[in-house]
Amino acid sequence: MLAAFARRPRLAATLAALLTFGGAPLLSPGHAGAALADSTAAVTDPANDVKRSFGSGATEPKADILAASARYQNDFINLTMKLEKGDDLTGSAAGDYLRWSIGARQEASPDFVVQLKRGANSFGEVVVFVPGEGTPVSCPEAIGSFDAVNGMYLASVPTTCVGSPASFHWNAQRSVAPPAGGQFTDPATDIAPDDGLGKAISASAVVGYWAIGADGKVYNFGDAPKLGDASSPGNLIIDIEAAPHGTGYWTLDSKGVVTAFGPVSYGSLSPADLKLGEKAVSMSGTRTGAGYWIFTNKGRMFAFGDANKDLGDVSTLKLNGDVVDSSPTPSGKGYYLTAADGGVFALGDAKFQGSMGAVKLNQPVVAIVPDPDGEGYWLVATDGGVFAFKAVFKGSMGDTRLNKPMRGMVPYGNGYLMVAEDGGVFNFSNKPFSGSTGNNPPAVPMVSITVLQ
């Protein structure tokens with residue numbers, strides 16, 4: 001595959017946010033050249049538009065949707081809901097639920113219902129069923145997450161679980177059962193949009209990526225929507241990590257503070273977590289999007305959400321160089337760490353295939369990327385040199401004079417995507433190049449890149 005080296009900037013159109021969760025816009029309309037407008041839809045719903053009274057002194061159940069959205073891209077359907085007041089999804093009554101309906105025709109009853117429940121792991125369980133049928137549809141790849149404090153709910157479903165329609169209409173529904181002994185026995189229910197199954201959206205394939213500067217400014221390319229910039233006064237932003245299935249991204253600063261733009265935030269490091277001379281250097285998300293790992297330069301790991309806390313770290317080893325990057329294995333059951341001296345550490349189901357730790361390098365290593373089959377990996381140094389270990393070498397920038405040092409590398413198609421401090425993006429894969437800022441460098445160095453999934 002011919003490697004693409006491009007310094008020519010491509011100006012992505014401004015993407016206005018339609019739906020905001022916790023201050024971070026979640027979904028955006030499309031831009032010229034991409035079919036995003038027909039594959040996403042968002043609605044707002046009036047507050048307090050469902051009011052019920054259950055007698056004097058009785059607790060009134062409140063079902064109040066403020067906003068909802070649907071996204072149908074890259075063979076996944078993402079559904080979101082924002083409630084005026086969150087709940088813990090513990091309701092077990094028949095009339096107590098949080099769900100989305102999907103139908104081929106606006107005037108018809110739904111063909112499928114996607115319901116979000118509190119799962120056994122407390123991170124959300126998605127159940128797909130056909131109205132009137134007792135057995136749920138088998139959908140093991142469906143994922144759900146929620147932030148009850150901020151009233152944010154999200155479900156992602158493979159299109160195969162709902163019949164792989166070319167397009168569909170949808171709505172969001174929240175129903176709250178009345179209190180025991182109340183005046184009424186029927187639940188309070190809110191629907192958004194109020195006219196039943198709302199605007200149709202169509203399937204679309206999208207591609208793109210985000211890069212981030214040390215000041216927290218996010219640069220979006222291709223179909224990746226601009227969802228917001230990170231702010232971390234006094235601390236450098238050091239990483240950006242995409243959540244699965246286009247639900248957005250997290251950012252990480254050197255103190256280990258995570259900011260979420262779209263997905264749920266599952267926590268950050270506290271000042272007491274870091275030892276003297278220690279700083280956060282990388283984060284890696286889980287396959288479900290319901291958690292992530294944070295790693296420090298001393299090789300310590302912190303797990304949040306559904307991230308496995310038992311995979312281990314390298315904090316007890318004597319390191320010749322600081323840990324600089326992490327990357328999960330394709331299965332999500334392990335991860336690789338790399339140090340500045342080219343040392344590689346494989347944990348969980350990650351397979352160690354060698355390192356540059358015993359070789360004198362021209363420049364320090366900054367990133368590691370596993371290959372798609374999980375058998376090997378690539379390392380990249382600040383001079384753009386790439387080192388392949390049981391992975392097909394796709395190319396490098398090691399023999400080219402770079403304007404600025406390389407800072408990050410991520411999996412991309414059958415290869416990898418790299419970014420330099422001036423925002424130059426280097427594509428060594430079978431996926432398209434979507435632009436860079438190489439000819440119009442940002443004032444603050446670029447530090448990381450992540451790919452729209």
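These notes cover the structure that comes with them. Computed from a prediction, not measured in an experiment: that's the story for all the values here.

## A short note on the overall build of the protein chain
Summing up its helical and strand segments, the protein chain has one helix and 32 strands in all. Among the 453 residues that make up the protein chain, the fraction classed as buried is 56%. Residue pairs in contact within the protein chain that sit at least 24 positions apart in sequence constitute 51% of those at least 6 positions apart. Element-wise, carbon and sulfur atoms account for 51% of the exposed surface of the protein chain, whose accessible area totals about 18,700 Å².

## A word on the sheet that holds strand E19 (residues 258-261)
Read across the open sheet, the three strands follow the order E17-E18-E19; overall the sheet is antiparallel. Two strands lie at the open edges of the sheet, namely strand E17 (237-242) and E19, each paired on one side alone. In this sheet, adjacent strand axes meet at a mean angle of 20° when their direction is disregarded. Relative to strand E18 (residues 249-253), E17 runs antiparallel, the two sharing five bridges. By the bridge assignment for E18, Ile237 is matched with Asp253.

## Description of the pairing of strand E28 (residues 386-389)
For a regular strand, side chains alternate in direction, first toward one face of the sheet and then toward the other. Relative to E28, strand E27 (residues 377-381) is paired through four bridges, and the arrangement is antiparallel. Residue pairing for E28: Val380 is matched across the bridge by Val386. Adjacent in sequence and paired antiparallel, E27 and E28 are bridged by four residues, among which Gly384 carries a positive phi angle near 90°.

## Topic: the nonpolar core
Side chains that are nonpolar tend, in soluble globular proteins, to be buried together. Of all hydrophobic cores here, the largest spans 32 residues; its most connected members are Trp100, Val114 and Val157. Only strand E5 (65-73), strand E6 (76-83), strand E7 (97-103), strand E8 (112-117), strand E9 (125-129), strand E11 (152-158) and strand E12 (167-176) provide two or more residues apiece to this core. Residue contacts for Trp100: discarding those within four places in its chain leaves Leu79, Thr80, Met81, Phe112, Val113, Val114, Leu116, Tyr153, Ala155, Asn171 and Ala172. Formed by 17 residues, the second largest nonpolar core is a distinct cluster that contains Ala243, Ala260, Val264 and Tyr266.

## Digging into the state of the cysteines
Scanning the entire structure with this criterion turns up one disulfide. There is a disulfide in this structure between Cys139 and Cys161, and the S-S distance comes to 2.1 Å. Taking the torsion about the S-S bond as the criterion, the Cys139 to Cys161 disulfide, at about 100°, is right-handed. With Cys139 in the loop between E9 and strand E10 (143-147) and Cys161 in the loop between E11 and E12, the pair connects residues that are 22 residues apart, well separated along the chain.

## Here we look at the side chain of Glu278
On the secondary structure map, Glu278 appears in the loop between E19 and strand E20 (280-285). For Glu278, the side chain forms a polar contact with the side chain of Arg300, separated by 2.7 Å. Those residues within four positions of Glu278 in sequence are excluded, and the remaining contacts are Asp273, Thr296, Asn297, Lys298 and Arg300.

## Some words on the environment of Thr329
Tracing the chain through its elements places Thr329 in the loop between strand E23 (323-328) and strand E24 (334-339). As a C-alpha pair, Thr329 and Ala346 span 17 residues in sequence and 9.5 Å in three-dimensional space. For Thr329, the residues in contact, after removing those within four places along its chain, are Gly334, Tyr335, Tyr336, Asp349 and Ala350.

## Some remarks on the pattern of salt bridges
Tallying each qualifying case throughout the model produces five salt bridges. Salt-bridge contacts for Asp229 lead to Lys226; the nearest nitrogen and oxygen are separated by 3.1 Å. What makes Asp229 partly exposed here is its relative accessible area of 38%. A salt bridge links Arg300 to Glu278; its shortest N-O distance comes to 2.7 Å. Note that Arg300 is positioned in the loop between strand E21 (291-296) and strand E22 (301-305) and Glu278 in the loop between E19 and E20, a separation of 22 residues in sequence.

## Let's talk about the sheet that holds E21
If you walk across this open sheet you meet the three strands as E20-E21-E22, and the pairing is antiparallel. Either end of the sheet is taken by a strand with one partner, and the two such strands are E20 and E22. On average, each strand axis in the sheet is inclined to that of its neighbour by 20°, with strand direction left out of account.

## Some points on the environment of Ile294
Among the structural elements, Ile294 can be located in strand E21. For the pair Ile294 and Ala307, spaced 13 residues apart in the sequence, the C-alpha separation amounts to 9.9 Å. Setting aside chain neighbours within four positions, we find Ile294 in contact with Leu252, Gly256, Val258, Leu269, Ala280, Ser282, Met283, Arg300, Met301, Phe302 and Phe304.

## Some remarks on the packing of aromatic side chains
Per the stated rule, a full pass over the model turns up 15 aromatic pairs. Seen in terms of ring centroids, Trp293 and Tyr335 are 5.2 Å apart; in terms of plane orientation they differ by 65°. Their pairing is edge-to-face. Residue Trp293 is located in strand E21, and its partner Tyr335 is located in strand E24; the two are separated by 42 residues in the primary sequence. Comparing Trp293 with Tyr335, the two get one shared label, buried. Through a chain of ring-to-ring contacts, the aromatic side chains of Trp250, Tyr266, Tyr292 and Phe304 assemble into a single cluster. Between Arg99 and the ring centre of Tyr97, over which it is positioned, the NZ or CZ distance is 3.6 Å.

Cut-offs used in this document
Residues numbered from 1 in each chain as written. Predicted model: local features only at pLDDT ≥ 70, side-chain atom pairs only at ≥ 80, totals over all residues. Heavy atoms only, no water. Helix = DSSP H or I, 4+ residues; strand = E, 2+ residues; numbered from the N terminus. Buried < 20%, exposed > 50% of the residue type's maximum accessible area, 1.4 Å probe, protein only. Contact = heavy atoms within 4.5 Å. Areas by Shrake-Rupley, 256 points an atom, 1.4 Å probe, with all protein chains shown as cover. Pairing = 2+ DSSP bridges. Axes fitted to C-alpha atoms, helices over the stretch in contact; angles between N-to-C directions. Core = buried A, V, L, I, M, F, W, Y, C linked by side-chain atoms within 4.5 Å. Disulfide = S-S within 2.5 Å. Polar contact = N/O pair within 3.5 Å; in protein donor to acceptor, adjacent residues only side chain to side chain. Salt bridge = Lys/Arg side-chain N within 4 Å of Asp/Glu carboxyl O. Phe/Tyr/Trp six-rings, centres within 6.5 Å; stacked < 30°, edge-to-face > 60°. Lys NZ or Arg CZ within 6 Å of the ring centre and 35° of its normal.

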